[in-house]
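Coordinate analysis (summary)
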Amino acid sequence: MIKVLKAGFYTTIQDQGRIGFAAIGVPISGAMDLYSSNLANSILNNSFEEAVLEITFGVCQFQFLSKTSICISGGDFSPTINQQPVVLNSKILVNEKDILSFGKINFGARCYLAVKGGFLTEKKLSSRSYFKNITTSFLIQTGELLPISLASRELKVANTAVKMNPSHFDSEIIECYKGPEFELLSIQRQYLLFETIFSISNDNNRMGYKLNETITNNIPSILTSAVLPGTVQLTPSGKLIVLMRDCQVTGGYPRVLQLSANAINKLAQKKTGSKFSFTSIYI
Amino acid sequence: MATIITYKPFGRKAILIEWIPIIALEILNDIILFKDKITTQNSGFYLDFSIGYNSLTILFKENILNFQGEIETLQKIYSLKIKSLKTQNFLWEIPVCYDLEFGIDLKEMSNLSNLDISKIIEIHSKNVYTVFFIGFLPGFLYLGGLNPMVFFDRKSNPRLHVEKGSVGIGGVQTGIYPISSAGGWNIIGKSPINFFDVDKEIPCFAKSGDQIKFNQISKEEFYDIEKLVLVNKYQLLKTIIHD
């Protein structure tokens, strides 16, 4: 078990998500930055399927009630164990009663805490990813106990850390494909979509990021159709919304772009005010 | 007419198949038939399917390396001569209480339209609606078949909290809020039925191609059914739909 001493700003359990339930309107969910959560699991020799803790902007604290090994990946929120700094992207042994704290944000928006064997919170519709009205809780609460896998005996220290490419956090280029309605945009607006430097508005969460800049919209709404994480919608007001992991399964706004799988991971590490531009990759 | 369809890449892992942009039963049936053919023939490569009014989106397990090849495979499956759907569709009878306590926008709608409240209720509960697909929220049914006499624009100020079970009209559509949510539809009644229960083997009883009929109930019946639903003892009335 892990005891939550301070739940922080927005902390959830996430895994690869709930795939195969679009027919009943259930969002996919899953770790916002799957690249980092997969990295944390692989450093522990876990399967990618194991659930991890997704921590948004740090300020949280946990106490381990049993011995295990952990790995922290993604954003750097100055993690410490018993007030001693620990290295990201490395396997760390923790003992009973050790306290893991996150503090100052150095880079990124989300970090992942993986434990050996994974978090064992309830599974609903084949996933442990928190989602309101699907899982019993949808946010980690201060004081609660989170069940984790019991560590096997062979807990070995590894003195190496995986080095992550800093462009995952600071690149201002978001790769995408043309979306289903892209061709309906006038040539000038298509051009603007790739030439504008966009910034993330404060209306951003696990469902989607609304962008501040406007592209005047010349396409009418479409008949409600599928949307996916990474779909960029153009609203009637000309604002763009980049849908993220918790997005609905259908939508009615034109889908002008579709982010690449890794572009979603990169965007998941950006925060309010972060600037970027879209660049087109071809299929 | 339903056979004019186009195929588009939708990112690296999905193909979007589109029919002509109208809301029509023939199109819905063609979409469901196509999906059934695909799942019978070739389901191993696909992760999920998402139906829209005039679209079917296929999510692949792996990145699609050869879009043209995949599209040709799908076109072949589409042209297979299979008439009968393997999916069995039902007509569900949904109890709805239109009492003013629940139908909180009925008065305003009546004033706006010069239709008596009882007329709005009569029109709404008379038609049989088709479930086109489920989206927006888990268990939110997109229904076709609303009588144009009761088309009402969405409210200009959406409510932050619409109660679970609320039955509403938004523009040309009608539907039921499966969970409490923010929403801009005109609320005309409430159903005591669960449209989404994650702990049931089938979390949402309805599916694309099913039909819905709203049965008007009294407040007393509403509370009686609500109690039965709570202990899992309420049996929804359903009839098999024959083509």
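For the structure, check the block above.
Here goes a summary of the coordinates provided. (Residues numbered from 1 in each chain as written. Chains lettered and ligands numbered in written order. Predicted model: local features only at pLDDT ≥ 70, side-chain atom pairs only at ≥ 80, totals over all residues. Heavy atoms only, no water.)

Let's talk about the overall build of chain B
Worth spelling out the cut-off: The helix count covers DSSP runs of H or I at least four residues long, the strand count covers runs of E at least two residues long, and both are numbered beginning at the N terminus. Burial classes follow relative accessibility: with a 1.4 Å probe on protein chains only, a residue under 20% of its type's maximum area counts as buried, one over 50% as exposed, and anything between as partly exposed. By definition, residues are in contact when any of their heavy atoms lie within 4.5 Å. Per-residue and other accessible areas were derived by the Shrake-Rupley procedure at a 1.4 Å probe size, with only the shown protein chains allowed to occlude residues.
Across its full length, chain B carries 5 helices and 14 strands. Structurally, chain B occupies a C-alpha span of about 55 × 40 × 35 Å along its principal axes. Here chain B, with 243 residues, has 52% of them falling under the buried criterion. Contacts in chain B between residues at least 24 apart in sequence constitute 65% of all its contacts with a sequence separation of at least 6. Total accessible area on chain B stands at roughly 11,900 Å², and carbon and sulfur atoms take up 53% of it.

Regarding the pattern of salt bridges
Residues and elements named next belong to chain A. Our working rule: Between Lys or Arg on one side and Asp or Glu on the other, a salt bridge is scored when a side-chain nitrogen of the former is within 4 Å of a carboxyl oxygen of the latter.
Considering all chains together, one arrives at 17 salt bridges over all chains under this definition. Between E181 and R255 there is a salt bridge, with its nearest N and O atoms 2.8 Å apart. Taken together, the residues E181 in the loop between β12 (173-178) and α3 (187-195) and R255 in strand β19 (residues 255-259) connect sequence positions 74 residues apart. Taken individually, E181 and R255 each receive the classification buried, so the pair is uniform in this respect. Here D246 makes a salt bridge to R206, at a shortest N to O gap of 3.0 Å. Placement of D246 in the loop between β17 (239-243) and β18 (250-251) and of R206 in the loop between β13 (198-204) and β14 (208-214) is noted, with a sequence separation of 40 residues between them. A single burial state applies to D246 and to R206, both of which are buried.

Examining helix α1 (residues 34-43) of chain A
Residues and elements named next belong to chain A. Most of α1 sits out of view: 8 of its 10 residues are buried. Taken together, the buried positions of α1 are occupied by L34, S36, S37, N38, L39, A40, N41 and I43. Elements in contact with the buried residues of α1: β3 (52-56), β5 (68-76), β10 (107-115), α2 (167-170) and α4 (261-267). Phi turns positive one or two residues past the end of α1, at N45, with a value near 65°.

Observations regarding the packing of aromatic side chains
Our working definition: Ring pairs are drawn from Phe, Tyr and Trp, using the six-membered ring of Trp, whenever the two centres fall within 6.5 Å, and their geometry is named by plane angle: stacked under 30 degrees, edge-to-face over 60, tilted for the rest.
Within this structure, the stated rule accounts for 28 aromatic pairs over all chains. Here F9(A) and F57(A) contribute two aromatic rings whose centre-to-centre distance is 6.0 Å and whose plane-to-plane angle is 50°, an arrangement assigned as tilted. Of the two residues, F9(A) is situated in the loop between β1 (2-6) and β2 (10-14) and F57(A) in the loop between β3 and β4 (61-64); the sequence distance between them amounts to 48 residues. F9(A) sits in the exposed class, given a relative accessible area of 57%. When the ring of F198(A) is compared with that of F276(A), the centres are 6.5 Å apart and the planes differ by 35°; the resulting orientation is tilted. Here F198(A), found in strand β13, pairs with F276(A), found in strand β20 (residues 275-280); they are 78 residues apart in sequence, far enough to count as distant. Across this residue pair, the class does not change: F198(A) and F276(A) are buried. An aromatic cluster is built from Y53(B), F132(B), F133(B), F136(B), F140(B), Y142(B), Y177(B) and W185(B), whose rings are joined through pairwise contacts.

Structural notes on the sheet that holds β17(A)
Residue and element names in this part refer to chain A. The condition that has to hold: Strands qualify as paired when DSSP identifies two bridges or more between them. Only the stretch in contact is used when a helix axis is fitted, and all axes are lines through C-alpha atoms; the angle between N-to-C directions ranges over 0 to 180 degrees.
Taken in spatial order, the 7 strands of this closed barrel run β12-β19-β16-β17-β14-β13-β20, and their pairing is mixed. Across the sheet, the mean angle separating the axes of adjacent strands is 40° when strand polarity is ignored. As defined by bridge partners, strand β16 (residues 231-234) adjoins β17 across 3 bridges and the pair is classed as antiparallel. The partner of L234 across the bridge, within β17, is L240.

Some thoughts on the side chain of T130(B)
All names here are of chain B. Position of T130 relative to the elements: it lies in strand β6 (residues 128-134). Judged by relative accessible area, T130 falls into the buried class, the value being 9%. Ignoring sequence-local partners within four residues, the contact set of T130 consists of L25, L28, Y142, L143, G144, D210 and Q211.

Some points on a negative patch on the surface
Heads up, the condition is: Note on patches: the residues involved have over 30% relative accessible area and no salt bridge, like charges join within 9 Å, and the nonpolar side chains Val, Leu, Ile, Met, Phe, Trp and Tyr join within 5 Å. We score Asp and Glu as negative and Lys and Arg as positive, and we do not count His or the chain ends. One atom stands in for each charge, and that atom is NZ of Lys, CZ of Arg, CG of Asp or CD of Glu.
A cluster of like negative charges, contributed by D99(B), E220(B), E221(B) and D224(B), occupies part of the molecular surface. With respect to the secondary-structure elements, D99(B) resides in the loop between β5 (90-97) and α3 (106-113).

Observations concerning the interface of chain A and chain B
This is how it is decided: Take the accessible area each of two parts loses on contact, using a 1.4 Å probe, and add the two losses: that sum is the buried area. N or O atoms closer than or at 3.5 Å make up a polar contact, with two conditions inside protein: a donor-capable atom paired with an acceptor-capable one, and, for residues adjacent in sequence, both atoms drawn from side chains. Residue polarity is assigned by list, with Asp, Glu, Lys and Arg as charged and Ala, Val, Leu, Ile, Met, Phe, Trp, Tyr, Cys and Pro as nonpolar; anything else, Gly included, falls into the polar class.
At the interface, 30 residues of chain A touch 37 residues of chain B. Both sides together, the interface formed by chain A and chain B hides about 2,600 Å², and carbon and sulfur atoms give 66% of it. Linking chain A with chain B are 2 salt bridges. Residues R255(A) and E18(B) are paired through a salt bridge, measuring 3.7 Å at the closest nitrogen-oxygen approach. Our count for the chain A to chain B interface comes out at 9 residue pairs in polar contact (both at pLDDT 80 or more). Of all the secondary structure elements, the ones that give two or more residues to the side of chain A that touches chain B are β15 (225-226) and β19 of chain A. Grouping the constituent residues of the side of chain A that touches chain B by class yields 18 nonpolar, 9 polar and 3 charged.

Re the pairing of β6(B)
All names here are of chain B. Most of β6 is tucked away, with 6 of its 7 residues classed as buried. Pairing of β6 with strand β7 (residues 141-144) involves 4 bridges; the strand directions are antiparallel. Counterpart to V131 in the pairing with β7 is L143. Linking two consecutive strands that pair antiparallel, namely β6 and β7, is a turn of 6 residues; a positive phi of about 65° is found at F136 within it.

What is shown is where atoms sit, not what they do.
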